[in-house]
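Secondary and tertiary structure notes
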Amino acid sequence: MAGNEATPLTSPEISIKECLLSPNDFDEAKISGISDSSTDPSTDKDETSSNKKKKIKDEKRCRVCGDMALGYNFDAVTCESCKAFFRRNARGSKSTRCLFQGNCVIDVRTRRFCPHCRLQKCFNVGMKKDMILDETERKARMAKVLENRQKRQVKAKGREEVTSSEQEVGTDWSELITNTPVSNFSENSPTPTSASSEHMPCKIDLSNLPEDREMYRKLTESESVFIKELTLLYESTLASFTDSYHSDQNNYSTINQLVNNSEIAVRRLIKFVKRINDFMRLSQDDQIAALKACVLSTILLRSVAFYSSEKDVWITAKGEVPTKILKKATGYISLHDSHTRYCRTLKDVVQDNHEMMTLMQLIIIFNPEGPNLASRTLISDIQDHYITLLKHYLEAEYSFSNAKEMLPFLLQKLSELKELSEEHSKVLLQVNPTEIEPLMLEVLNLK
DNA sequence: CTAGCCTTGAGA
DNA sequence: TCTCAAGGCTAG
């Protein structure tokens, strides 16, 4: 069931612009997998729903405390408060204890007195704890909500733009693409100042962080919410496994296949940026330019997320892909070496921290140095914002002193990303455009 | 923590 | 479009 979704989503006619503009996500829902089983708790739970409706008419009382009930909660008619109580406590592992005989009367008045008996009664009346969404299901649900929320925003915004009609006829996207040769990707990124520090090790002992809470920043509520939302978004798009990836090594045997296999990453990148308000604030041309400029870096950064240092492989949904395929596919040994070295060093520090990856991803998206950008200052300001956020995050998670080491290290790695993607773009020049998916052609300026 | 209210996605 | 049943938020 899960594996055969690859074909429909590569419908060849879809351009980046269309992807960006479309209120829906083409087949992205399928790609991310968040919409299917995980968010669908109803499947095995509503067989009895017809009886329930009848029952509920006469049972408007909470089965647990007798308070007014609105309907079924976790498979029993209960009031809001028992619902919330059950949600909070049923999954919890910490055992409560009754201070009396374990048979306390639970009613509207007394329900607060003995959590133990209340919970017991919840179970007795048939509330089911497996109907409480677990961590993954909750994340998926939140991602879905977020997705829809942003979709609505984009839609609303789109309507505004159309009514103020200034950009319907003029934007010839295909023109824009053909005008920009592949070399532009790297060309005008000013030669990074320090090729020398390529190997700046970051020796932070993350297992030994300072005890004193004073040594950590406390994130503001809005910062932590924002980071949380971004990370969820990242997890549901860029960081999720691609079940259409082929770990079969044959699929990586030519560069073309390698490029095509990155298409899904690109689609996810588009899906990701579409949900970022800061990104949607940019003009359409800048959106496209920014997107194109960060594609290779994104793919490379993403490869770090899936990299396993111990095995020297990339982990995909379908298994492990040894990094040596890169050597085979491209014939560039130094490319292979620098890429894996990059993965290893960055992975050492980032490990599986999605917040860090998310913020780094955002920093590369809002890169004011990219080609063909109009509002560089704006983009730079946005980038600053994410750099600050990353700094704050590091200070909150790893203490002020560690953050002081980590931030420059991470930024350094981001600038190395530029060099690395330049190397990769050289390889892309070998690509035979006729065999490449259209979206990839566009996004990599190979058209 | 509790409990009430709100927002949502899914399904009828 | 409506209803149901999840989770989230937050004043108390």
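This text follows the structure it describes.
Description of the structure in this document. (Residues numbered from 1 in each chain as written. Chains lettered and ligands numbered in written order. Predicted model: local features only at pLDDT ≥ 70, side-chain atom pairs only at ≥ 80, totals over all residues. Heavy atoms only, no water.)

1. Let's talk about the overall build of chain A
Along chain A, the regular secondary structure elements total 19 helices and five strands. A burial count over chain A gives 47% of its 447 residues as buried. Within chain A, counting contacts between residues at least 6 apart in sequence, those at least 24 apart form 75% of the total. In the structure as shown, chain A presents an accessible area of about 22,700 Å², 52% of it carried by carbon and sulfur atoms. (Helix = DSSP H or I, 4+ residues; strand = E, 2+ residues; numbered from the N terminus. Buried < 20%, exposed > 50% of the residue type's maximum accessible area, 1.4 Å probe, protein only. Contact = heavy atoms within 4.5 Å. Areas by Shrake-Rupley, 256 points an atom, 1.4 Å probe, with all protein chains shown as cover.)

2. Brief notes about the protein's contact with DNA strand B
Around DNA strand B, 17 residues are found, and the nearest of them are Glu80, Ser81, Arg111, Arg118 and Asn148. Considering the 4 Å shell around the protein, atoms of DNA strand B inside it are sugar or phosphate in 71% of instances. Between a base nitrogen of DNA strand B and a side-chain N or O atom of Glu80, the distance comes to 2.4 Å. Within the side chain of Arg88, a nitrogen or oxygen atom sits 3.1 Å from a phosphate oxygen of DNA strand B. Elements with a minimum of two residues in the surface near DNA strand B: α5 (80–89) and α7 (135–163). Classifying every residue of the surface near DNA strand B gives three nonpolar, four polar and ten charged. (Near = heavy atom within 4 Å. Polar contact = N/O pair within 3.5 Å; in protein donor to acceptor, adjacent residues only side chain to side chain. Nonpolar A, V, L, I, M, F, W, Y, C, P; charged D, E, K, R; others polar.)

3. Things to note about the protein's contact with DNA strand C
The local shell around DNA strand C consists of Gly71, Tyr72, Asn73, Phe74, Lys83, Arg87, Met131, Ile132, Leu133, Arg138, Arg141 and Met142. The sugar-phosphate share of atoms of DNA strand C within 4 Å of the protein amounts to 62%. Separating a phosphate oxygen of DNA strand C from a backbone N or O atom of Leu133 is a distance of 2.7 Å. Among the elements of the structure, β1 (71–73), α5 and α7 are those that each provide at least two residues to the surface near DNA strand C. Here the residues of the surface near DNA strand C sort into six nonpolar, two polar and four charged.

4. A short note on the side chain of Thr298
You can see Thr298 is positioned in helix α14 (residues 284–305). In terms of polar contacts, Thr298 uses its side chain to reach the backbone carbonyl oxygen of Cys294, at 2.7 Å.

5. Quick word on the packing of aromatic side chains
Enumeration according to the criterion identifies six aromatic pairs in this entry. Between Phe226 and Tyr386 the ring centres are 6.2 Å apart and the planes differ by 25°, which places this aromatic pair in the stacked class. On the criterion of sequence distance, the pair formed by Phe226 in helix α10 (residues 221–236) and Tyr386 in helix α18 (residues 376–428) is long-range, its members being 160 residues apart. A relative accessible area of 25% means that Phe226 is categorised as partly exposed. Ring geometry for Tyr234 against Phe272: centres 6.2 Å apart, planes inclined by 80°, an arrangement best described as edge-to-face. Taken together, the residues Tyr234 in helix α10 and Phe272 in helix α12 (residues 263–274) connect sequence positions 38 residues apart. (Phe/Tyr/Trp six-rings, centres within 6.5 Å; stacked < 30°, edge-to-face > 60°.)

6. A closer look at the pattern of salt bridges
Across all of its chains, the model carries nine salt bridges by this definition. With its nearest N and O atoms 3.1 Å apart, the salt bridge here joins Lys418 to Glu369. Taken as a pair, Lys418 in helix α18 and Glu369 in the loop between α17 (354–365) and α18 lie far apart in primary sequence, 49 residues in all. Note on Glu369: relative accessible area 30%, which makes it partly exposed. (Salt bridge = Lys/Arg side-chain N within 4 Å of Asp/Glu carboxyl O.)

7. Regarding the state of the cysteines
Throughout the structure, instances matching the rule amount to zero disulfides. Free cysteine: Cys117, not disulfide-bonded; nearest cysteine sulfur from Cys104 at 3.5 Å. Assessed through its relative accessible area of 6%, Cys117 is described here as buried. (Disulfide = S-S within 2.5 Å.)

8. Regarding α18
Here α18 is 53 residues long, yet its end C-alpha atoms lie only 27 Å apart, well below the 78 Å a rise of 1.5 Å per residue gives. Of all bends in α18, the biggest is about 125°, found at Tyr398. (Expected span 1.5 Å × (residues − 1). Bend = angle between axes of the 7 residues up to and from the residue.)

9. With respect to the packing of α5 against helix α6 (residues 115–124)
The interhelical angle for the contact between α5 and α6, taken along N-to-C directions, is 100°, at an axis separation of 10 Å. As summarised for this structure, α5 and α6 are arranged roughly perpendicular, according to the angle between their axes. Contact residues: α5 offers Ser81, Cys82, Phe85, Phe86 and Asn89, while α6 offers Pro115, Arg118, Leu119, Cys122 and Phe123. When grouped by side-chain class, the residues that make up the contact of α5 with α6 number seven nonpolar, two polar and one charged. (Axes fitted to C-alpha atoms, helices over the stretch in contact; angles between N-to-C directions. Parallel < 35°, antiparallel > 145°, perpendicular 65-115°, else oblique.)

10. Brief notes about the environment of Gly92
Note that Gly92 resides in the loop between α5 and α6. On the basis of relative accessibility, which here comes to 40%, the residue Gly92 falls in the partly exposed class. For the pair Gly92 and Lys129, spaced 37 residues apart in sequence, the C-alpha to C-alpha distance is 9.9 Å.

11. Let's talk about the packing of α12 against α17
Running from N to C, α12 and α17 point in directions that differ by 90°, and their axes come no closer than 12 Å. When the axes of α12 and α17 are compared, the pair comes out roughly perpendicular. Taking contact as the criterion, the partners of Leu269, Phe272 and Val273 in α12 are, on α17, Thr358, Gln361, Leu362 and Ile365. Of the residues assigned to the contact of α12 with α17, the class counts are five nonpolar, two polar and no charged.

12. Let's talk about the nonpolar core
Formed by 71 residues in total, the largest nonpolar core has its most connected members in Phe366, Tyr386, Leu394 and Leu410. For this core, the elements supplying multiple residues, two or more each, are α10, α12, α13 (277–280), α14, α16 (333–350), α17, α18 and α19 (438–443). Residue contributions to this core peak at 19 residues, all from α18. Leu410 has contacts with Leu346, Val349, Val350, Met356, Met360, Leu390 and Leu394, leaving out every residue within four places of it along the chain. Grouped together as the second largest cluster of nonpolar side chains are 22 residues, Cys82, Phe85, Ala90 and Met131 included. (Core = buried A, V, L, I, M, F, W, Y, C linked by side-chain atoms within 4.5 Å.)

13. Section: α17
Over its twelve residues, α17 extends 16 Å from the first C-alpha to the last, a length consistent with the 16 Å expected when each residue adds 1.5 Å. Summarising burial for α17: ten of the twelve residues are buried, a large majority. Considered for burial, the residues of α17 that qualify are Met356, Met357, Thr358, Leu359, Met360, Gln361, Leu362, Ile363, Ile364 and Ile365. Tucked into the core, α17 has its buried residues touching α10, α12, α13, α14, α16 and α18. Residue Asn353 occupies the N-cap position of α17, its side-chain oxygen lying 2.9 Å from the main-chain nitrogen of Glu355.

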